[in-house]
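One letter stands for each residue in the lines below.
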Amino acid sequence: MRDSARRVESGSAVGVSLKDVAQRAGVSIKTVSNVVNNYQHVTPKMRAKVQQAIDELGYRPNLTARHLRKGRTGIIALAVPEFGNPYFAELAGAVVDAAARHDYTVLVDHTGGLREKELLVSQGFRSHVIDGLILSPIHLETEDLMARTETAPLVLLGEREYEAPYDHIAIDNVAAARDAVRHLIDLGHRRIAFLGSRTGRERQPAHLRLRGWREELAAAGIEADESLVVVTDGYGREDGAVAMAALLDRGEQPDAVFAYNDLIAIGAMRTLSERGLRIPDDVAVVGFDNIEESLYGATTLTTIAPDKEAIARLAVDSLVERLSGSPVPEPRRPRPGYRLIVRESTVMRPSAEQSGP
């Protein structure tokens, strides 16, 4: 048996080792290690030479051994409120892709949007198997985060506002909501409903988006009609359908709807269709999240599209930087981008520049 076939601890399943790569490239093992670990002080010519040997031999580094040498497990956790919401499923996929670029595996956890589970996860429930946590909380308060004793790095996602010493990745909800409402106003709509308001806790995303609704109406000189604001129990399709029905049943027919998210918008559109109202001729609808479903309904949905890839990349990069042990600035609050995607629910025949996935 060839000697290289026995060396499986530092290479791929076929047993190719750093030494095999070094021999093929005619360099030292240390040089190969520097290339594999992407150290900057390797010349481009030497890097290309080693990479060619790596490709020819099919060498794959043993990521588990690499993380263990650093006292790490090579696993980070992502905790989201619900798997049933496509937004979080799509975001999770983006986080997995971003983590893979750092050779990390992602453990995805589900809190159900329950405060007790969010507390459990944030306080290190799985700290023995993970290096760090990316958490999208619904009910945690600033004081909960301030009381955290777990030392594993934590990065927050989601649009709730916190004053806690952790990196927090979130788009500007107020600005995004204003863009959505401005689009409807520019189309001539004046009775614009907001579906998906919540009671309590002024720093929740629903309140921020409602604030954007109010601010943009005021900026256009339109009095905000609070009778057009509908509180929902949840954020799903049924909640949107029920909210739209309640609005119509009390005689408050709007000429446009801005929904807290795409699922509420999709539910509202179902009710509008059942009541014989045309979209967008009678009622225009804008959602939020740009889930894949928004592109494939009978009437495609105009929506605010957060940059999920940027959110995932910023979250993973922040966590990995905290794990590196190098000096890191004070907690950061980066604002990933977003865009308004115009589709058939507001403009029946959108231009090619406006439409898109």
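Quick notes on the rules
- Sequence order as written defines residue numbering, which begins from 1 separately in each chain.
- A pLDDT threshold of at least 70 governs which residues receive local features in this predicted model, and a stricter bar of 80 or more applies before side-chain atom pairs are shown or counted, although totals over entire chains, interfaces and linings include all residues.
- In computing side-chain values, all of the structure's heavy atoms are included and hydrogens and water are not.
- Under the DSSP-based scheme used, a helix requires at least four consecutive residues in state H or I and a strand at least two consecutive residues in state E, with every element numbered from the N terminus.
- Each residue's exposure class comes from its accessible area (1.4 Å probe, protein chains only) as a fraction of the maximum for that residue type: buried when under 20%, exposed when over 50%, partly exposed otherwise.
- Contacts are assigned to residue pairs with any non-hydrogen atoms lying within 4.5 Å of each other.
- The Shrake-Rupley method, run with a 1.4 Å probe, gives the accessible areas here. Residue values count only the displayed protein chains as cover.
- Pairing between strands is defined by DSSP: at least two bridges between the two strands are required.
- For helices, the fitted line uses only the C-alpha atoms of the stretch in contact; every axis is such a line through C-alpha atoms, and the angle between N-to-C directions lies from 0 to 180 degrees.
- Ring geometry is summarised as follows: Phe, Tyr and Trp rings, the Trp one being its six-membered ring, pair when their centres sit within 6.5 Å, and such pairs are stacked at plane angles under 30 degrees, edge-to-face over 60 and tilted between the two.
- Site definitions follow a grid-based scheme: protein atoms alone, a 1 Å grid, a 1.4 Å probe that fits but cannot get out for cavities, and for pockets an open set with protein on both sides within 12 Å along at least five of seven lines, plus lining residues having an atom within 4 Å of a point.
- Grid points are joined across faces, edges and corners, and a volume is the space filled by probe spheres set on the points.
- Nonpolar residues are Ala, Val, Leu, Ile, Met, Phe, Trp, Tyr, Cys and Pro. Charged residues are Asp, Glu, Lys and Arg, and all others, Gly as well, are polar.
- Angles below 35 degrees are treated as roughly parallel, those above 145 as roughly antiparallel, those between 65 and 115 as roughly perpendicular, and all remaining angles as oblique.
- Here a crossing is taken to be left-handed if its near helix is turned anticlockwise relative to the far helix by less than a right angle, and right-handed if that turn runs clockwise.
- Pairs of N or O atoms are called polar contacts if they sit within 3.5 Å, as long as, within protein, a hydrogen donor faces a hydrogen acceptor (for residues adjacent in sequence, only side-chain-to-side-chain pairs).

## Observations regarding the overall build of the protein
Consideration 1: Counting secondary structure elements, the protein contains 13 helices and 11 strands.
Consideration 2: Across the 357 residues in the protein, those meeting the buried criterion constitute 50%.
Consideration 3: Considering only contacts within the protein whose residues lie at least 6 apart along the sequence, 67% involve residues at least 24 apart.
Consideration 4: A total accessible area of about 17000 Å² is found for the protein, and carbon and sulfur atoms account for 51% of it.

## So, the sheet that holds strand β5 (residues 167–169)
Consideration 1: Pairing is parallel across the open sheet formed by five strands, whose spatial order is β2-β1-β3-β4-β5. Only two strands of the sheet have a single neighbouring strand rather than two, namely β2 (105–110) and β5. Averaged over all pairs of adjacent strands, the angle between their axes in this sheet comes to 20°, without regard to strand direction.
Consideration 2: Sheet topology places strand β1 (residues 75–80) next to β2; six bridges connect them, and they run parallel. Residue pairing across strands places Leu 78 opposite Val 108, the latter belonging to β2.

## What to know about the packing of aromatic side chains
Consideration 1: Counting across every chain of the model gives three aromatic pairs.
Consideration 2: Measuring from ring centre to ring centre gives 5.4 Å for Tyr 87 and Phe 88, while their planes differ by 80°; the resulting arrangement is edge-to-face. Accessibility assignment for this pair places Tyr 87 and Phe 88 in one class, buried.
Consideration 3: Measuring from ring centre to ring centre gives 4.2 Å for Tyr 235 and Tyr 260, while their planes differ by 25°; the resulting arrangement is stacked.

## Brief notes about the layout of surface pockets
Consideration 1: Estimates place the volume of the largest pocket at around 540 Å³.
Consideration 2: Those elements that provide at least two residues to the lining of the largest pocket are α6 (86–100) and α10 (205–219).
Consideration 3: With three residues, α6 is the largest single contributor of residues to the lining of the largest pocket.
Consideration 4: Class assignment of the residues belonging to the lining of the largest pocket gives a composition of 14 nonpolar, 10 polar and seven charged.

## Structural notes on the packing of helix α9 (residues 173–186) against α10
Consideration 1: Where α9 contacts α10, the two axes come as close as 7 Å, and the packing angle between them is 45°. It follows from the interaxial angle that α9 and α10 lie oblique. The hand of the α9/α10 crossing is right-handed. Mapping the contact onto sequence places Asn 173, Val 174, Ala 177, Arg 178, Val 181, Arg 182 and Ile 185 in α9 and Pro 205, Leu 208, Arg 209, Arg 211, Gly 212, Trp 213, Glu 215, Glu 216, Leu 217 and Ala 219 in α10.
Consideration 2: For the contact of α9 with α10, the per-class residue count stands at nine nonpolar, two polar and six charged.

## Considerations on the sheet that holds strand β11 (residues 338–341)
Consideration 1: If you trace the six strands from one edge of the open sheet to the other, you get β7-β6-β8-β9-β10-β11, paired in mixed fashion. Among the strands making up the open sheet, the edge pair consists of β7 (229–231) and β11. Each strand axis lies, on average, 15° off the axis of its neighbour in the sheet, ignoring direction.
Consideration 2: Relative to β7, strand β6 (residues 192–197) runs parallel, the two sharing three bridges. Each bridged residue has a counterpart across the sheet, and for Ser 197 the counterpart in β7 is Val 231.
Consideration 3: Contacts from helix α11 (residues 237–249) reach β6, β7 and β8 (256–259) within the one sheet, and its direction differs from that of β6 by about 135°.

## Brief notes about the pairing of strand β3 (residues 132–135)
Consideration 1: Residue alternation in β3 divides its side chains into two sets, Gly 132 and Ile 134 and Leu 133 and Leu 135, and both sets are buried.
Consideration 2: Where β1 and β3 come together, four bridges link them in parallel fashion. By the bridge assignment for β3, Ala 77 is matched with Leu 133.

## Notes on the side chain of Asp 131
Consideration 1: Mapped onto the elements of the fold, Asp 131 is located in the loop between α7 (115–122) and β3.
Consideration 2: Here Asp 131 falls in the buried class, since its relative accessible area comes to 6%.
Consideration 3: Reaching out from Asp 131, the side chain makes a polar contact with the backbone nitrogen of Gly 74 at a distance of 2.9 Å.

## Some words on unusual backbone geometry
Consideration 1: Cis geometry is adopted by the peptide bond preceding Pro 280, which originates at Ile 279 and carries an omega value of 10°.
Consideration 2: One non-glycine residue, Asp 289, lies in the positive phi region at around 130°.
Consideration 3: At Asn 290, a position not held by glycine, the phi torsion is positive, near 55°.
Consideration 4: The topology assignment puts Asn 290 in the loop between β9 (284–288) and β10 (302–306).

## Regarding the environment of Arg 250
Consideration 1: Considering the arrangement of structural elements, one finds Arg 250 in the loop between α11 and β8.
Consideration 2: Each C-alpha atom of the pair Arg 250 and Ser 227 lies 9.7 Å from the other, and the pair is 23 residues apart in sequence.
Consideration 3: For Arg 250, the contacting residues outside a window of four places in its chain are Ser 227, Val 229 and Val 230.
Consideration 4: In this structure the side chain of Arg 250 is engaged in a polar contact, spanning 2.8 Å, whose partner is the backbone oxygen of Ser 227.

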